[in-house]
Amino acid sequence: MMENSRFLYETLDALNSAGMLSPIPDIIERNLASKIQLREYQVQAFQNFVTYFENENLRKNKQVHTLFHMATGSGKTIIMAGLILYLYTKGYRKFLFFVNQTNILEKTKLNFTDAESSKYLFDETLSYFGRDIQVRPVINFAGINRDSKDIHICFTSTQKLHLDLFAPQENSLTYEDFEDDKIVFISDESHHVNTLTKKATKDEEDNRRSWEYSVMNAFSRNRDNVLLEFTATADIKDNNVQAKYLDKMIIDYPLAKFRQSGYTKDFQNFATDTDLWTRALIALVMSEYRKYLFTDVKQNIKPVIMMKSQRINDSENFYDLFFQKMETLDVTKLESLNSFKIKPLQEALNYFTMKHGDLNVLCRSLKDSFTKETSIIMNGAREDNTENQILVNSLEDKNNPIRLIFAVDMLNEGWDVLNLFDIVRLYDTRQSRFGGKIGSYTIKEAQLIGRAARYCPFVAEASQERFQRKYDNDLENKYRYLETMYFHSKNDSRYINELKQALIATGLQEEEEHILEYKIKDTFKSSDFYLDGLVFSNHREEKERYDVYAVDERLRNKVISCHTGGRRGQVTNLFEVQVEEQADYLQVAGPEVPFEASSIWRSRLKEIPYNIVSGAASSFYELSYSVLKMKYPNLKSLREFLYSEDYIGNITIEISYTGKLETKSIYKAVQNALMTAAKHITEIKQEYQGSTVFEAKRLKSVLKDKKIKLGKIDKDGGRGASQINNTNTRFALDLAQRDWYIFNDNYGTSEEKLFLRYFDAKIVPQLKAKDLEFYVIRNERVPDLAIYSFDTGERFEPDFLLFIRKRKEQTSSAQQVYVEPKGSHLLLEDAWKEQFLLELTSAASVDKSYTFGNEYKIIGLPFFNEEQKLTEFEDAMENLVATL
């Protein structure tokens, strides 16, 4: 990075840390499609832009020109749609979307304008202050009424925009179009526009012929024009590019961050020594295995495969060969795949054998699933038609039949798909260069893999997060295949290494990857405790709202102020507003009175005639009685909600006006107030709580050997480092010789290692002296060991469970103790977890259906933290031991 330089997003990150970013405007949350759930980085992207747009100190009196550097698949078009809505509130009605490739153009046009599209970005009804808004595609901005209340979007390619501006023709865009009206430029894949920035010349005529010159010239024609750039691949290492975007890059969310946040699939290279047909067949088997696994967890998801060739002729030839081979495919060929001894493939074949007795069903299923009718060729201009573009850009749709795509380079850019799980490399060449430089085609392959990296959302269990990876800490789980993408290639170590370097460069793979294994000790597996013992956990449940009889007090007593302009003169005394209990009209009465320079009209909502209030309420779906009844089960009527003091009847409306105040101004003010109420209703989310009754499961059904994947290992002996072979004497402990610890090792954090050392030195002797049976279980995100807070139902996975059992003559008593070591930097942030732990002892009870007379108690301890809370933890631990 250049000396003494700071990107704009870094300044905004600092403001975010200080809690100083602007909130997301209401129009965005209300008018994006209801299926869109904004993620934390998207929320910050909006907040960053609004903060920048509305802060002159940040803008430094410059035109608004920003760059959103965001990974493929991270939802750039959602950001575009939200910004269109926000800038609409700032008076912008004309938007120019341009991009390098026509396939991206057609896809985006559908997403913005076709309400029937599954990827339509806006709500079914767009509105602002109760007024409906239409999104209208246009070929240019001529003839658009200056007073238009609609959104007008011109879609064009970067090439056509440049040609139209360079050599104007009839009905084309011209530079004059950008002078009189303020226009928002939206540049997708904007790295293509940096032709001048990266390769500036001294020839003025050459410069005029560049895309970048045309775009910037048009943009600069009106000071109020706005330019929004979006790309996943900003070449910030180029000094000229970095200098250009230093004060413009408003968010930096590259593929590496996207992957680390869990929003991408995992990636694996499936390398085999075989012919191309067999390589493709292996991909078919893995794809069909995924389809069946999705069905097992009740998810209707169709995995897709891409057959990737280098040349169009090769792709067409393999297409013909593929379907010839499919006609003669038999069980013998499928059984021969067992010879590869590749674990995922063997698991897939075993799945079908165990399910159906042999591979006949798999053979028939493959022939039915992968046909010419469920395949598509996307090799060049011949296939680049609207129908095919719709098919390849809607592969997730339930009514889209495509399972197989044959392609060369048509889909390398501007295309990402959730349910693409396999890419088959139908060639074996490599292009590594001297000095270890990565070949350009390998970089293209890595970028293509990145376009398939977006996570395909699903849940196998109700408590799981739908849109993020679930099995990074359980690599052996079969459902890991549902979040893993395979790149099928030749088993060529040089190529595989080159591909790995390219993936690291794009951010899709860590520089270091470590697979760590937790294995249950054989001695514990043979114990009665493992074979017959129980473990208890609670579950999350919905909170009922039957005890809610009023809206939030902050809304009940809210004052909504607005202003309406007018001319000086005489006014009719509109107020007194005569409202009787049954009045359904606004009475206007009284003599003319002298005009006052500034007047305030004030009224509570319940004092305004019902026809005005109910009419304004009809503009908002959230204020329909059916919706309100779900939020407030005790509500008896819409009138009660609008007029009762328990609901919104006491909301006060203040109108500041000059001139004559008309009924329609009151109506608009009421609409404005009800918009606030509607937003409040929207924000009432389903609340949850954790059950206080803990239900039993067999310990042996919950605890399994498992593998986890980590990036870098803490060099000081913390996270990822073995505790048995730890070079840091503060953390080292030979857990292999501790029968009370059930796993082969501990790879946890430094604080977790310190807890085990403390337990070994201080607590073990006391428990042994009392002749108690005890075990410590490391909870490496075992789903059945998760618990849910009583107050909010928040999921929590304490790091350790301590089981203590005391034998009696016929029965036993057992304590299930939760322990959570916590680093000092997280003590405040995770305070709710400690509060929950401390509630367990008094509030949690066990379901006695399976206890058979044995006593079980659930206990939570305060955080273990050697630096700040050791005395508190020791006291709690000593008190526990004393009661045994």
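About the cut-offs
- Residues numbered from 1 in each chain as written.
- Predicted model: local features only at pLDDT ≥ 70, side-chain atom pairs only at ≥ 80, totals over all residues.
- Heavy atoms only, no water.
- Helix = DSSP H or I, 4+ residues; strand = E, 2+ residues; numbered from the N terminus.
- Rg over C-alpha atoms; globule rule 2.2 N^0.38 Å.
- Buried < 20%, exposed > 50% of the residue type's maximum accessible area, 1.4 Å probe, protein only.
- Salt bridge = Lys/Arg side-chain N within 4 Å of Asp/Glu carboxyl O.
- pLDDT = per-residue confidence, 0-100.
- Contact = heavy atoms within 4.5 Å.
- Pairing = 2+ DSSP bridges.
- Expected span 1.5 Å × (residues − 1).
- Bend = angle between axes of the 7 residues up to and from the residue.
- Phe/Tyr/Trp six-rings, centres within 6.5 Å; stacked < 30°, edge-to-face > 60°.
- Lys NZ or Arg CZ within 6 Å of the ring centre and 35° of its normal.
- Axes fitted to C-alpha atoms, helices over the stretch in contact; angles between N-to-C directions.
- Parallel < 35°, antiparallel > 145°, perpendicular 65-115°, else oblique.
- Left-handed = near helix turned anticlockwise from the far one by under 90°.
- Nonpolar A, V, L, I, M, F, W, Y, C, P; charged D, E, K, R; others polar.
- Core = buried A, V, L, I, M, F, W, Y, C linked by side-chain atoms within 4.5 Å.
- Polar contact = N/O pair within 3.5 Å; in protein donor to acceptor, adjacent residues only side chain to side chain.

**Quick word on the overall build of the protein chain**
No. 1: Counting its regular elements, the protein chain contains 31 helices and 33 strands.
No. 2: Taking 29 Å as the expected radius of gyration for a compact globule of 884 residues, we find that the protein chain reaches 32 Å, a close match to that expectation.
No. 3: With the C-alpha coordinates of the protein chain rotated into their principal frame, the extents come out at 95 × 75 × 60 Å.
No. 4: Across the 884 residues of the protein chain, 54% fall into the buried class.

**Remarks on the pattern of salt bridges**
No. 1: With the rule as written, the count across this model stands at 48 salt bridges.
No. 2: With a closest N to O distance of 2.5 Å, Asp-266 and Lys-709 form a salt bridge. Of this pair, Asp-266 sits in strand S10 (residues 266–272) while Lys-709 sits in strand S26 (residues 706–710), and the two are 443 residues apart along the sequence. Lys-709 carries the same exposure label as Asp-266, and that label is buried.
No. 3: The closest approach of N and O atoms between Glu-445 and Arg-425, which form a salt bridge, is 2.7 Å. Placement of the pair is Glu-445 in helix H19 (residues 440–451) and Arg-425 in strand S14 (residues 420–425), with a sequence separation of 20 residues.

**Overview of the confidence of the model for the protein chain**
No. 1: Of the residues in the protein chain, 92% have a pLDDT of 70 or more, and the chain-wide mean is 88.
No. 2: Every residue in residues 566–596 scores below 50 in pLDDT, and together they form 56 contacts with partners more than four places removed in sequence or on other chains.

**With respect to the environment of Gly-690**
No. 1: The topology assignment puts Gly-690 in strand S24 (residues 688–690).
No. 2: Residues Gly-690 and Lys-543, 147 residues apart in the sequence, show an inter-C-alpha distance of 9.2 Å.
No. 3: In contact with Gly-690, other than residues within four places in its own chain, are Asn-538, His-539, Tyr-788, Ser-789, Phe-790 and Gly-793.

**Some thoughts on the sheet that holds strand S17 (residues 534–537)**
No. 1: Here we have three strands laid out as an open sheet, ordered S17-S25-S32, and mixed in their pairing. Here the strands that pair on one side only, and so sit at the sheet edges, are S17 and strand S32 (845–846).
No. 2: As judged from the two bridges shared by strand S25 (residues 693–698) and S32, these two strands associate in the parallel manner. Along S32, the bridge assignment pairs Val-693 with Ser-845.

**A closer look at helix H29 (residues 750–769)**
An α-helical turn contains 3.6 residues, so a residue and the one three or four places further along point in the same direction.
No. 1: When the terminal C-alpha atoms of H29 are compared, their 29 Å separation across 20 residues agrees well with the 28 Å that a helix rising 1.5 Å per residue should span.
No. 2: Along H29, the sharpest change in direction is near 45° and occurs at Ile-763; proline Pro-765 comes one to four residues later.
No. 3: Every buried residue belonging to H29 is among Glu-751, Glu-752, Lys-753, Leu-754, Phe-755, Leu-756, Tyr-758, Phe-759, Asp-760, Ile-763, Val-764 and Leu-767, and all of these are buried.
No. 4: Buried residues along H29 sit against strand S27 (773–778), strand S30 (800–807), strand S31 (812–819) and helix H31 (870–882).
No. 5: Among the residues trailing H29, Asp-771 stands out with phi positive, at a value near 55°.

**Digging into unusual backbone geometry**
No. 1: At Glu-189, a residue that is not glycine, the phi angle is positive and equals roughly 50°.
No. 2: Inspection of the secondary structure puts Glu-189 in the loop between strand S7 (183–188) and helix H8 (195–198).
No. 3: Its identity is not glycine, yet Arg-781 carries a phi of approximately 55°, on the positive side.
No. 4: Inspection of the secondary structure puts Arg-781 in the loop between S27 and strand S28 (787–788).

**Describing the packing of aromatic side chains**
No. 1: Using the criterion set out here, one finds 60 aromatic pairs in the structure.
No. 2: On the basis of an interplanar angle of 40° and a centroid distance of 6.0 Å, the ring pair of Phe-755 and Phe-759 is categorised as tilted. Taken together, the positions of Phe-755 and Phe-759, both in helix H29 and four residues apart, correspond to about one turn of that helix.
No. 3: Residue class for Phe-755 comes out buried when judged on its relative accessible area of 1%.
No. 4: Within the aromatic cluster, the residues linked to one another by ring pairs are Tyr-518, Trp-740, Tyr-741, Phe-743, Tyr-747, Phe-755, Tyr-758, Phe-759, Phe-774, Phe-800, Phe-864 and Phe-873.
No. 5: Above the ring of Tyr-88, the side-chain terminus of Arg-93 is found at 3.8 Å from the ring centroid.
No. 6: Above the face of the Phe-800 ring, Arg-778 is positioned so that its terminal group lies 5.8 Å from the ring centre.

**With respect to the packing of helix H7 (residues 158–166) against helix H10 (residues 211–219)**
No. 1: Two elements in contact, H7 and H10, have axes separated by 9 Å at closest approach and are oriented at 70°. By the angle between their directions, the pair H7 and H10 is classed as roughly perpendicular. The crossing of H7 and H10 is left-handed. Contacts between H7 and H10 involve Thr-158, Gln-159, Leu-161, His-162 and Leu-165 from the former and Trp-211, Ser-214, Val-215 and Ala-218 from the latter.
No. 2: Among the residues forming the contact of H7 with H10, the class breakdown is five nonpolar, four polar and no charged.

**A few points about the nonpolar core**
No. 1: With 85 residues, the main nonpolar core has Phe-49, Phe-68, Leu-87 and Leu-228 as its most contacted residues.
No. 2: Among the elements that take part in this core, helix H5 (residues 76–88) stands out by supplying 10 residues, more than any other.
No. 3: Once residues lying within four places of it in the same chain are set aside, the contact partners of Leu-87 are Phe-49, Phe-53, Tyr-92, Phe-95, Val-184, Val-226 and Leu-228.

**Examining the packing of H19 against helix H20 (residues 493–506)**
No. 1: The contact between H19 and H20 brings their axes to 9 Å, and the two run at 60°. Classified by the interaxial angle, the pair formed by H19 and H20 is oblique. By crossing handedness, the relation of H19 to H20 is classed as right-handed. Contacts from Thr-442, Ile-443, Glu-445, Ala-446 and Ile-449 in H19 reach Tyr-495, Glu-498, Leu-499, Ala-502, Leu-503 and Thr-506 in H20.

**A few points about the sheet that holds strand S1 (residues 64–70)**
No. 1: The parallel open sheet is built from seven strands, whose spatial order is S5-S6-S2-S7-S8-S1-S9. Looking along the sheet, the strands with just one partner apiece sit at the ends: strand S5 (135–138) and strand S9 (249–253). Within the sheet, the average angular offset between the axes of one strand and its neighbour, ignoring direction, is 20°.
No. 2: For strand S2 (residues 94–99) and strand S6 (residues 151–157), the ladder comprises six bridges, and the chain directions are parallel. Residue pairing across strands places Phe-98 opposite Thr-156, the latter belonging to S6.
No. 3: Seen against the sheet, H5 touches S1, S2, S6, S7 and strand S8 (226–231) and runs at an angle of roughly 170° to S8.

**Some details on the pairing of strand S11 (residues 304–308)**
No. 1: Of all five residues in S11, five are buried, a share of seventy percent or more.
No. 2: What you see with S11 is no split at all: Val-304, Met-306 and Lys-308 on one side and Ile-305 and Met-307 on the other are buried throughout.
No. 3: When S11 meets S14, the two strands line up parallel, connected through five bridges. Its bridge partner being in S14, Met-306 is matched across the sheet by Ile-423.
No. 4: Where S11 meets strand S13 (residues 404–407), four bridges bridge the pair, whose relative direction is parallel. Note that in S13 the partner of Met-306 across the bridge is Ile-405.

**Re the side chain of Asn-650**
No. 1: Secondary-structure assignment places Asn-650 in the loop between helix H26 (638–643) and strand S23 (652–657).
No. 2: Apart from the residues lying within four places of it in its own chain, the contact partners of Asn-650 are Arg-556, Arg-604, Lys-606, Ser-644 and Glu-645.

**A short note on the side chain of Gln-42**
No. 1: Looking at the secondary structure, you find Gln-42 in helix H3 (residues 40–53).
No. 2: Relative accessible area serves as the criterion here: at 3%, Gln-42 is assigned to the buried category.
No. 3: Side-chain polar atoms of Gln-42 contact the backbone oxygen of Ser-74, separated by 3.0 Å.

**Regarding the environment of His-162**
No. 1: One can find His-162 in helix H7.
No. 2: Expressed as a C-alpha distance, the spacing of His-162 and Glu-288, which sit 126 residues apart in the sequence, is 46 Å.
No. 3: Engagement of the side chain of His-162 in a polar contact is seen with the side chain of Ser-214, the distance being 2.6 Å.

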